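Descriptive structure summary
Here is what each chain is made of, one letter per residue.
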Amino acid sequence: KTQPLNKEAVMSARLLLQAENLGKCRTESAEKIFSGLNIRLFEHEVRYILGKKGSGKTTLLNVLSGLMPPDEGQVLLGGQPLTGPAATCSVVWPKQPLLPWLSLGDNLDFAIRMRHPEWDNERINEQVWRYLSLLEMADKGGSKPAEWPAPVHCRLILARAFAVEPCIVFIDEPFSPYDAASRR
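Here goes a summary of the coordinates provided. (Residues numbered from 1 in each chain as written. Predicted model: local features only at pLDDT ≥ 70, side-chain atom pairs only at ≥ 80, totals over all residues. Heavy atoms only, no water.)

In this structure, Gly 66 sits in the loop between α2 (57-64) and β3 (72-77). Overall, the relative accessible area of 13% leaves Gly 66 in the buried class. As a C-alpha pair, Gly 66 and Cys 89 span 23 residues in sequence and 9.2 Å in three-dimensional space. For Gly 66, the residues in contact, after removing those within four places along its chain, are Leu 82, Gly 84 and Pro 85. (Helix = DSSP H or I, 4+ residues; strand = E, 2+ residues; numbered from the N terminus. Buried < 20%, exposed > 50% of the residue type's maximum accessible area, 1.4 Å probe, protein only. Contact = heavy atoms within 4.5 Å.)

Structure, rendered in structure tokens:
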């Protein structure tokens, strides 16, 4: 069931990220990957970047998330220049690993503790249980990643990204584990 649009909430949404006149060149040449990009990302907004392989989608995500500096322009996060990776952002990569020696629940616990050292154990445990429950895996939190197929890993990696309560989640090729199966 969809929620009705709350126009007041949409109109009052705060600006989270702004890119002004953004540009990036290939390192091996002066060829521009993109230039003159202006992007505004507001709270509760979902954006997609579509393009052919090699068109600069991942590079753009790297620049927007602070993992790579722009060659032109600037990125503002919360109105401040972004000069490196921000703790308030999560980034999900296509083949991002889970920690194989930790259980599914402990993978979530570890990420939450790294992002929120001020949280007490009770709050962390509640957050782990909440996200395992969303995956319908609350009773399997003690199992290891090797016991589960790639689609479960993909879901847990997404849960880990959201469980740390970031203001922005950047996801690069979120459904690539499903690509091979969908081609058959």
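As a further point, take the sheet that holds strand β1 (residues 15-25). Sheet architecture is open: four strands sit in the order β2-β1-β3-β4, paired in antiparallel fashion. In this open sheet, the two strands that pair with only one neighbour each are β2 (32-42) and β4 (80-81). Direction of pairing for β1 relative to β3: antiparallel, over a ladder of five bridges. Looking at the pairing, Ala 19 lines up with Val 75 of β3. (Pairing = 2+ DSSP bridges.)

Once that is clear, we can look at the nonpolar core. Core analysis: the largest hydrophobic core is formed by 20 residues, its most contacted members being Leu 108, Ile 112, Val 128, Leu 132 and Leu 156. The greatest single-element share of this core, amounting to six residues, is contributed by helix α5 (residues 150-163). Beyond its immediate chain neighbours, meaning those up to four positions away, Val 128 contacts Gly 105, Leu 108, Asp 109 and Ile 112. With 19 residues, the next largest nonpolar core counts Leu 16, Ala 19, Leu 22 and Ile 39 among its residues. (Core = buried A, V, L, I, M, F, W, Y, C linked by side-chain atoms within 4.5 Å.)

Further remarks concern the layout of surface pockets. Space inside the largest pocket adds up to approximately 1,300 Å³. As for the largest pocket, its lining consists of 40 residues, of which Val 46, Arg 47, Val 169, Phe 170 and Ile 171 are closest to the centre. Sorting elements by how many residues they give to the lining of the largest pocket places α2 first, with five residues. Its residues assigned to classes, the lining of the largest pocket shows 22 nonpolar, seven polar and 11 charged. Of the volumes computed, that of the second largest pocket is approximately 320 Å³. Along its surface, the second largest pocket is lined by 18 residues, and Ser 90, Gln 96, Ala 111, Arg 160 and Val 164 are the ones closest to its centre. When contributions to the lining of the second largest pocket are tallied by element, the ones reaching two or more residues are β5 (89-92), α3 (104-115) and α5. Looking at side-chain class alone, the lining of the second largest pocket contains 13 nonpolar, three polar and two charged residues. (1 Å grid on protein atoms, 1.4 Å probe; cavity = no way out; pocket = protein on both sides within 12 Å on 5 of 7 lines; lining within 4 Å. Points joined across faces, edges and corners; volume = space filled by probe spheres on them. Nonpolar A, V, L, I, M, F, W, Y, C, P; charged D, E, K, R; others polar.)

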